[in-house]
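What follows is each chain in one-letter form.
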Amino acid sequence: MKNTCFIGITGSAAKTSTKDLSSTILSTFGACNASPLTKNEHLFIARTILDTKQNHRFCAVEVAGHEPGYMDRSLHMLKPDIGVLTIIGRDHYKAFKSLEGIAAEKGKLIKALPVDGTAVLNIDDPLVKAVGEHCQCRIIWIGESKGATIRLLASSSNWPDPLKLTVEYEGKSYEVLTQLHGTHLSLPVLSALGVALAAGIPLEKSIPTLAQARPSEGRMQIVHDNDGVVFIRDDLKAPAWSLQLPLEFLKQATAQRKVAVIGSISDFSGDSSDNYKKFARRIRENADLVVFVGPNAHRALRARKDQNDELLQGFSNIRDASIYLKKELRRGDLVLLKGSYKVDHLSRLILDRIKPIHCWRERCGYEIFCEDCEYLYDADQDAQHSATIVPAPTYGETSTPFSSIPQQTGPVVPVIVGLGNPGIEFHTTPHNVGYQVLDKIVEICGSNWEPIEEGWVSLVNFGDNPVKLFKPAANMNVCGPVIRRFLERTGCSATHCTIVHDDMDLELGKVRFKDDGGDAGHRGVKSVIAALGTDTIRRIRIGVRRPGDLRKAKEIVLTQFTPEETLEVAQAVEQLIESLKKQQGGPGPKEHDHFHRQNSS
């Protein structure tokens, strides 16, 4: 394939857009093959090379470098003639431990170029520039800095006007018109022009081809729905370092109302709660309405100005967000979707407005856009793959058929939820202390457990006050959605809910109380917080770690208590129940402060 020019493209961002734009230009001047979508792993590079025929004049391939050494096998297959390095960011920082480590891996593509090859490098990035300083082949520098071969003089992208650039090459300026949006897409435009120049295509011929170029899927992609709402899909990925530029685009846009929908943000360093709160405050300066979606949405809600602040919303799952946005969005709104297609699948917020979808799975594991998924409109497949409630019988309940509890119509009855794992084999394990507390209450009060769809429920009276006890029939680590469904169906909220759970940070038999805060590494609590969309949930924490036991939590939680430990836990449970009974209704909204003060020790 001596007549085929192979182009390798890498970097922490702008790879896909550079590959697609390069392909758009190159295909005008000869047959061009390119790697599909965002696929940049070994298998797809191999397939792209195998699919390249002798009549292809060009082959453009996106190359991943997400962990040390990963790029070696790709380059052994690809052997590029032209190499592009766009930018070095914090993507995969945990794998490399430093930006320099990321640059070293990405820079392998440039080192692999032959002496008569050409490197297209971003002169504005110091780490990319350092890679170029050791390059032995021809370099086409791109960027705003002095010394750039193709120098960016100006760029503008004020919605609804598309991106327009003014560039300089060999003392002559050129105007570049596109159908793209966002000045941060100037980098892939410059990179594509650099590829064309490296391939022997002069700017006078390559620039006009960009006038009709469309954005890559999920990269500032414009989508109109049937109701006059315009969506900007920037939902391919969302590393923290890349968020500012799309938000600046939204701030500068001209629209009746600007809405930002934010999914999962990767590579936040430090405390996630504080980061989400700070980011939520910052994004409010760019949008009229901000909606967070996903398990960290409750963290962002801490940035609300007060309890009546409705301009910052948060939803733990995308289905609830879709229901809200269907009612809230109106003609003339400009909506930025920023998230990860591997995690959030935010495009469903658009698809469901055009045609109701059936798949609302979370963390499905499919690394494709939802519109390409066979399960999107398949109700049967969705039911098959959705999370299921564990129906295994457990101790303390009968085998009577499921019954249904009617929707709450009178005063809200406080709910105490005991966390645990269904199944008799888990009865006396540390992870099931929450179950044990509720079983003991039912025994003392002479009540019974009633099986329902979500688990087991019992109504008891502490004095003259009714309290509802609930054991979710779901494994500990995924109990949150089941608890949420139970609370919604019975007219309750997190405000009226207290959860009882084991705590590995407390000595065996100790009891502590907590009104809010993070999950402290407890996966059951994490699931509850994510499902309810708030960390303002009252908790009763029961210590289960024997003094001096240095084993990891996962080595303890599912082991059986010794007889001595069982007795010690039982005594703690009885003392706790006595405290609850004295409060005549347990830690409900009105009684909780007094309850907390009496038992804080």
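Residues numbered from 1 in each chain as written. Predicted model: local features only at pLDDT ≥ 70, side-chain atom pairs only at ≥ 80, totals over all residues. Heavy atoms only, no water.

1. Topic: the packing of helix α17 (residues 480-489) against helix α18 (residues 523-532)
Contact pair α17 / α18: the axes reach a minimum separation of 7 Å and the direction vectors enclose 45°. Between α17 and α18, the crossing angle belongs to the class labelled oblique. The handedness of the crossing between α17 and α18 is right-handed. Facing G480, P481, I483, R484 and L487 of α17, the residues of α18 in contact are S527, V528, A531 and L532. Across the contact of α17 with α18, the residue classes break down as six nonpolar, two polar and one charged. (Axes fitted to C-alpha atoms, helices over the stretch in contact; angles between N-to-C directions. Helix = DSSP H or I, 4+ residues; strand = E, 2+ residues; numbered from the N terminus. Parallel < 35°, antiparallel > 145°, perpendicular 65-115°, else oblique. Left-handed = near helix turned anticlockwise from the far one by under 90°. Contact = heavy atoms within 4.5 Å. Nonpolar A, V, L, I, M, F, W, Y, C, P; charged D, E, K, R; others polar.)

2. Regarding the sheet that holds strand β13 (residues 289-293)
Taking strand neighbours across the sheet as the criterion, the six strands line up as β10-β11-β15-β12-β13-β14 in an open arrangement whose pairing is mixed. Every interior strand has two partners, whereas the edge strands, β10 (221-224) and β14 (312-315), have only one. Neighbour-to-neighbour, the strand axes of the sheet open up by a mean angle of 20°, direction not taken into account. The sheet contact formed by β10 and strand β11 (residues 230-234) spans four bridges and is antiparallel. When the bridges of β11 are listed, I222 appears paired with I232. In the packing of helix α10 (residues 244-252) onto the sheet, contacts are made with β11, β12 (257-262) and β15 (333-338), and the angle to β15 comes to roughly 175°. Running at roughly 160° to β13, helix α13 (residues 318-328) makes contact with β12, β13, β14 and β15 of the sheet. (Pairing = 2+ DSSP bridges.)

3. A closer look at the sheet that holds strand β1 (residues 5-10)
The strand order across the open sheet formed by nine strands is β2-β3-β1-β4-β5-β6-β7-β8-β9, and the pairing between neighbours is mixed. Sheet topology places β2 (32-34) and β9 (172-177) at the edges, where each strand pairs with a single neighbour. Across the sheet, the mean angle separating the axes of adjacent strands is 20° when strand polarity is ignored. As defined by bridge partners, strand β5 (residues 118-122) adjoins strand β6 (residues 138-143) across five bridges and the pair is classed as parallel.

4. A short note on the pairing of β5
The buried fraction of β5 is high, at five of five residues. Side chains of β5 alternate between two faces, with T118, V120 and N122 and A119 and L121 buried alike. Inspection of the sheet shows strand β4 (residues 82-85) paired to β5 by four bridges, in the parallel sense. Its bridge partner lying in β5, I82 is registered against T118. As for the winding sense of the linkage, the β-α-β connection from β5 through helix α7 (residues 126-132) to β6 is right-handed. (Buried < 20%, exposed > 50% of the residue type's maximum accessible area, 1.4 Å probe, protein only. Right-handed = clockwise from strand over helix to strand, strands pointing away.)

Function cannot be read off these values alone, since they describe shape.
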